[in-house]
Amino acid sequence: SQQGEEDPQALSIQEGENATMNCSYKTSINNLQWYRQNSGRGLVHLILIRSNEREKHSGRLRVTLDTSKKSSSLLITASRAADTASYLCATGGGSYIPTFGRGTSLIVHP
Amino acid sequence: EAQVTQNPRYLITVTGKKLTVTCSQNMNHEYMSWYRQDPGLGLRQIYYSMNVEVTDKGDVPEGYKVSRKEKRNFPLILESPSPNQTSLYFCASSLVGQGGYNEQFFGPGTRLTVL
């Protein structure tokens with residue numbers, strides 16, 4: 001199965017700024033999920049957006065999905081130092097094998 | 001507390017010595033899976049299970065075995081570990097929904113080194 005690709009690979013911002021990261025994929029999907037991973041630890045689910053949805057919000061997170069472009073974006077508003085982590089997207093198609101991207105490494109400087 | 005547990009968290013072993021990494025979840029999830037995470041390669045699925053006695057290969061199943069005799073447990077077995085299986089391993093579980101799996105809950109990870 002093909003991986004989703006996050007962009008950029010790394011992002012460094014100041015506390016209070018917004019962080020935007022993107023995910024592109026290659027095959028049709030049923031849903032797309034974003035996860036956060038602190039260094040060397042387990043992944044934590046952030047948000048799931050289905051293929052028939054275009055935008056979803058959860059707290060300071062905003063996710064968009066453009067199935068025509070096969071891409072999604074994750075926006076974190078008013079970033080905090082605690083948001084420092086890697087952010088991965090996972091795409092779910094007809095099979096039960098999700099494909100994960102390599103992640104965007106976000107550093108938020110206090 | 002809803003959680004996925006894995007044991008051991010850290011393991012150093014030698015080539016050829018059989019080992020088992022246990023995984024257990026307390027959320028009554030049907031779907032369970034194993035991943036390995038390697039630098040530059042991201043997270044890749046090894047095996048998954050849709051329910052008791054139902055398992056299937058993921059992207060990188062070679063060298064691994066799994067079993068699902070109980071709904072809550074999904075052990076990963078390395079019959080004859082080799083150095084290229086040195087990696088960070090994650091177990092995950094989720095409910096099964098329309099179009100596949102849903103939000104996955106991940107364990108804390110097992111860092112395996114094979115010498």
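This write-up is about the structure you can find in this document. (Residues numbered from 1 in each chain as written. Chains lettered and ligands numbered in written order. Predicted model: local features only at pLDDT ≥ 70, side-chain atom pairs only at ≥ 80, totals over all residues. Heavy atoms only, no water.)

1. Focus on the pairing of strand β3 (residues 19-24) of chain A
Residue and element names in this part refer to chain A.
- Covered by surrounding structure in β3 are A19, M21 and C23 only, the residues T20, N22 and S24 on the alternate face being uncovered.
- Taken together, the three bridges between strand β1 (residues 5-7) and β3 define a ladder with antiparallel strand orientation. Counted as the bridge partner of E6 is C23 from β3. (Buried < 20%, exposed > 50% of the residue type's maximum accessible area, 1.4 Å probe, protein only. Helix = DSSP H or I, 4+ residues; strand = E, 2+ residues; numbered from the N terminus. Pairing = 2+ DSSP bridges.)

2. Looking at the environment of L75(A)
Residues and elements named next belong to chain A.
- Among the secondary structure elements, L75 is positioned in strand β8 (residues 71-76).
- L75 gets classed as buried once you look at its relative accessible area, which sits at 15%.
- Sequence spacing of L75 and N18 is 57 residues, and the spatial spacing of their C-alpha atoms is 7.0 Å.
- If we skip the residues at most four places from it in the chain, L75 touches N18, A19, T20, R60, L61 and R62. (Contact = heavy atoms within 4.5 Å.)

3. Structural notes on the sheet that holds strand β7 (residues 61-66) of chain A
All names here are of chain A.
- One open sheet holds the five strands; their spatial order is β1-β3-β8-β7-β6, and the pairing between them is antiparallel. A strand with exactly one partner marks an edge of an open sheet, and here the two such strands are β1 and β6 (55-58). Taking the axes of each pair of neighbouring strands and ignoring which way they run, one obtains an average angle of 20° across the sheet. (Axes fitted to C-alpha atoms, helices over the stretch in contact; angles between N-to-C directions.)

4. Description of the state of the cysteines
- Scanning the entire structure with this criterion turns up two disulfides over all chains.
- At a sulfur-sulfur separation of 2.0 Å, the disulfide partner of C23(A) is C89(A). Linking C23(A) and C89(A), the disulfide has an S-S dihedral of approximately 65° and is accordingly described as right-handed. With a gap of 66 residues between them, C23(A) in strand β3 and C89(A) in strand β9 (residues 85-92) connect regions that are remote in the sequence.
- For C23(A), a relative accessible area of 1% translates into the label buried.
- The partner cysteine of C23(B) in its disulfide is C91(B), sulfur to sulfur 1.8 Å. Negative torsions about the S-S bond denote left-handed disulfides, and the value of about -70° found for C23(B) with C91(B) makes this one left-handed. Note that C23(B) is positioned in strand β3 (residues 19-25) and C91(B) in strand β9 (residues 87-94), a separation of 68 residues in sequence. (Disulfide = S-S within 2.5 Å.)

5. A few points about the interface of chain B and chain A
- Listed as interface residues are 27 residues of chain B and, on the opposing side, 22 residues of chain A.
- Interface area for chain B against chain A, summed over the two sides, is near 1900 Å², with a carbon-plus-sulfur share of 51%.
- Counting across the interface, chain B meets chain A through zero salt bridges.
- Remark: the boundary between chain B and chain A carries three residue pairs in polar contact (both at pLDDT 80 or more).
- Only β4 (31-38), β5 (42-51), β9 and β11 (100-101) of chain B provide two or more residues apiece to the side of chain B that touches chain A.
- Examining the composition of the side of chain B that touches chain A, we find that five residues originate from one element, β5(B), more than from any other.
- Per-class residue counts for the side of chain B that touches chain A are 12 nonpolar, 11 polar and four charged. (Buried area = accessible area lost by both parts, 1.4 Å probe. Salt bridge = Lys/Arg side-chain N within 4 Å of Asp/Glu carboxyl O. Polar contact = N/O pair within 3.5 Å; in protein donor to acceptor, adjacent residues only side chain to side chain. Nonpolar A, V, L, I, M, F, W, Y, C, P; charged D, E, K, R; others polar.)

6. Structural notes on the sheet that holds strand β7 (residues 65-66) of chain B
Residues and elements named next belong to chain B.
- If you walk across this open sheet you meet the four strands as β1-β3-β8-β7, and the pairing is antiparallel. The open sheet is flanked by β1 (4-7) and β7, the only strands paired with a single partner.
- In the sheet, β1 pairs with β3 via four bridges, with the strands oriented antiparallel. Across the sheet, the residue bridging to Q6 is C23, located in β3.

7. Some points on unusual backbone geometry
- Geometrically, the link from D7(A) to P8(A) is a cis peptide bond, its omega value of 0° lying close to zero.
- Among the secondary structure elements, P8(A) is positioned in the loop between β1 and β2 (10-14).
- For the bond from N7(B) to P8(B), the omega torsion is -5°, close enough to zero to count as cis.
- Relative to the elements of secondary structure, P8(B) occurs in the loop between β1 and β2 (10-13).
- We note that K70(A) has phi near 55°; this positive angle belongs to a residue other than glycine.
- By relative accessible area, K70(A) is classed as partly exposed at 29%.
- Positioned with a positive phi, E53(B) is a non-glycine residue whose angle comes to about 65°.
- Relative to the helices and strands, E53(B) is located in the loop between β5 and β6 (54-57).
- Taking the relative accessible area as the measure of exposure, E53(B) reaches 62% and is therefore exposed.

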